[in-house]
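What follows is the residue order along each chain.
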Amino acid sequence: QVQLVESGGGLVQAGGSLRLSCVASGRTFSSYGAGWFRQAPGKEREFVAATRWSGSTNYADLVKGRFTISRDNAKNTVYLQMNSLKPEDTAIYYCAARTRGSYYMWSSYQYWGQGTAVTVSP
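Residues numbered from 1 in each chain as written. Predicted model: local features only at pLDDT ≥ 70, side-chain atom pairs only at ≥ 80, totals over all residues. Heavy atoms only, no water.

### Considering the pairing of strand E7 (residues 67-72)
Alright, step 1. Along E7, the buried face is formed by Phe67, Ile69 and Arg71; none of Thr68, Ser70 and Asp72, which line the opposite face, is buried.
Alright, step 2. Hairpin connection of E7 to strand E8 (residues 77-82): four residues between the antiparallel strands, including Asn76 at a positive phi of 55°. (Buried < 20%, exposed > 50% of the residue type's maximum accessible area, 1.4 Å probe, protein only. Helix = DSSP H or I, 4+ residues; strand = E, 2+ residues; numbered from the N terminus. Pairing = 2+ DSSP bridges.)

Next comes the structure, spelled out in structure tokens:
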């Protein structure tokens, strides 16, 4: 079992930056692929970024070049650095862990955090 806790959300002006953190307990992140998803009001859950245990990364087209996912296995933590934020990035951001399946599918992830809110003002 893995428990995930996100932090780092808040209110930021357009063009600003935030770094989200996701700390795992129960098992180490080294055994899992990790991903970030987001959900805005009235919209479906959307893939944002993912990293495998090998360190490889993947990004949704909407955030590519602006967001960076990274992991520190020694700290059992996954990060999402968000730069050049836009109002359309406003959403609840969730981190998740998986052992199998496609990285971009929410159903592939076995464990989820509680979410952290990100609001980007114009």
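### Details of unusual backbone geometry
Alright, step 1. Positive phi values are uncommon outside glycine, yet Asn76 reaches one of about 55°.
Alright, step 2. Within the element layout of this structure, Asn76 appears in the loop between E7 and E8.
Alright, step 3. Backbone geometry places Ser84, a non-glycine residue, at a positive phi of 50°.
Alright, step 4. Tracing the chain through its elements places Ser84 in the loop between E8 and strand E9 (91-98).
Alright, step 5. The class of Ser84 is partly exposed, set by a relative accessible area of 41%.

### Some details on the sheet that holds E7
Alright, step 1. With antiparallel pairing, four strands are arranged side by side in an open sheet as E1-E3-E8-E7. Either end of the sheet is taken by a strand with one partner, and the two such strands are strand E1 (3-7) and E7. Taken over all neighbouring pairs, the strand axes of this sheet differ in orientation by 15° on average, direction set aside.
Alright, step 2. Sheet analysis places strand E3 (residues 18-25) next to E8, joined by six bridges and oriented antiparallel. The residue bridging Leu20 from the neighbouring strand is Leu80, located in E8. (Axes fitted to C-alpha atoms, helices over the stretch in contact; angles between N-to-C directions.)

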